[in-house]
Amino acid sequence: MEQRISNLIASLKRRNIDGIYVDSKDEARERIKQLILKSATVGVSGSRTLDELGIVALLEASDYEVFNQYRPGISREQSLQMRNLGSHADYFLTSCNAISEDGELVFFSGYGHRTSGIANSDNVIVVCGLNKIVLNLDQALKRSREHATVLNCKRLDWKSACLADGLCHKDICLAPEYKRMCCQVLVIESEINPERLKVIIVGEELGF
Ligand code: SF4
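This text gives an overview of the structure that appears in the document. Just so it is clear, the structure is predicted and the values come from calculations on it, not from any experiment.

### Observations concerning the nonpolar core
With 22 residues, the main nonpolar core has Ile32, Ile36, Val42, Ile55, Leu59, Leu93 and Val127 as its most contacted residues. Elements represented by at least two residues in this core include exactly strand E1 (18-22), helix H2 (25-35), strand E2 (41-44), helix H3 (48-53), helix H4 (55-60), strand E4 (91-95), strand E7 (123-129) and strand E10 (197-202). Sort the elements by how many residues they give to this core and H4 lands first, with three residues. Leave out the neighbours within four places in its chain, and Leu93 touches Ile32, Val42, Gly43, Val44, Ser45, Leu50, Ile55, Leu59, Ile125 and Val127. Ranked by size, the runner-up nonpolar core spans 19 residues in total, among them Ile99, Phe107, Val124 and Ile201.

What follows is the structure, encoded as structure tokens:
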């Protein structure tokens, strides 16, 4: 494993966060299934990384109760209920927008479902591709807003101030004129409970 990843895993360990390196998406899927106890409840966040892994469908087809707010055919009320249940599930599966080489994790959220799940669930698994590793926290915040969120707004046709030109205009990106996506920012600097927070670093590019 290259030195940069070893250093990152050591940085996470100092922060009481487990860092796990896997070479590929296939390995990541297997590792996630190994980490989640059978019959557990699982909350998930909207995530391009999780979509590319196909992990939500895989868990739904296995022995887990997945609170999937994006399940086809469910009503808006059912989707909201899934989000609420998911943010207090036994496990919460998500991806970060960026991670610093020093081990700080950055998450942006519109409605707060993702940040709530990370804060409240008994176990949190964060999947992170190599493309999301940056030098420091400043770069992680910059990447999260100016790269990841801008692309997510475009992907979802989200009526934010960056939708038209792909540039962040955070000073004017406010209701009622715009629908801002980066409303909540969560930076994890450390974890209190041993083994609650795990970061799976995948040796490929994943998500935005
Ligand atoms: S603040 Fe608004 S314009 Fe800037 S990245 Fe977030 S959603 Fe886009």
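### Focus: the sheet that holds strand E6 (residues 105-109)
Across the sheet, which stays open at both edges, the four strands sit in the order E8-E5-E6-E9 with mixed pairing between neighbours. Of all strands in the sheet, those bounded by a partner on one side alone are strand E8 (133-134) and strand E9 (184-188). Pairing analysis gives two bridges linking strand E5 (residues 98-100) to E6, with the strands arranged antiparallel. When the sheet's bridge partners are listed, Ile99 is paired in E6 with Leu105.

### Things to note about the packing of aromatic side chains
Scanning the model with the defined rule gives one aromatic pair in all. Measuring from ring centre to ring centre gives 6.2 Å for Tyr111 and Trp158, while their planes differ by 70°; the resulting arrangement is edge-to-face. Taken together, the residues Tyr111 in the loop between E6 and helix H6 (113-120) and Trp158 in the loop between helix H7 (137-156) and E9 connect sequence positions 47 residues apart. Judged by relative accessible area, Tyr111 falls into the exposed class, the value being 57%. Overall, the relative accessible area of 15% leaves Trp158 in the buried class. Residue placement shows Lys179 over the ring face of Trp158; its charged tip is 4.1 Å from the ring centre.

### Quick look at the site of the ligand
Close to the ligand lie Arg145, Thr149, Ser160, Ala161, Cys162, Cys168, His169, Lys170, Cys173, Arg180, Met181 and Cys182. Looking at the shell around the ligand, its residues break down into six nonpolar, three polar and three charged.

### Some remarks on the sheet that holds E2
Judged by pairing direction, the sheet is parallel, and its six strands sit side by side in the order E1-E10-E7-E4-E2-E3 without closing on themselves. Edge positions in the sheet fall to E1 and strand E3 (65-67), since each has one partner strand and no second. If you compare each strand with its neighbour and ignore which way they point, the axes differ by 25° on average. As judged from the three bridges shared by E2 and E3, these two strands associate in the parallel manner. Note that in E3 the partner of Thr41 across the bridge is Glu65.

Definitions and cut-offs
- Residues numbered from 1 in each chain as written.
- Predicted model: local features only at pLDDT ≥ 70, side-chain atom pairs only at ≥ 80, totals over all residues.
- Heavy atoms only, no water.
- Core = buried A, V, L, I, M, F, W, Y, C linked by side-chain atoms within 4.5 Å.
- Buried < 20%, exposed > 50% of the residue type's maximum accessible area, 1.4 Å probe, protein only.
- Helix = DSSP H or I, 4+ residues; strand = E, 2+ residues; numbered from the N terminus.
- Contact = heavy atoms within 4.5 Å.
- Pairing = 2+ DSSP bridges.
- Phe/Tyr/Trp six-rings, centres within 6.5 Å; stacked < 30°, edge-to-face > 60°.
- Lys NZ or Arg CZ within 6 Å of the ring centre and 35° of its normal.
- Near = heavy atom within 4 Å.
- Nonpolar A, V, L, I, M, F, W, Y, C, P; charged D, E, K, R; others polar.
- Axes fitted to C-alpha atoms, helices over the stretch in contact; angles between N-to-C directions.

Treat this as a map of the structure, not an account of what it does.
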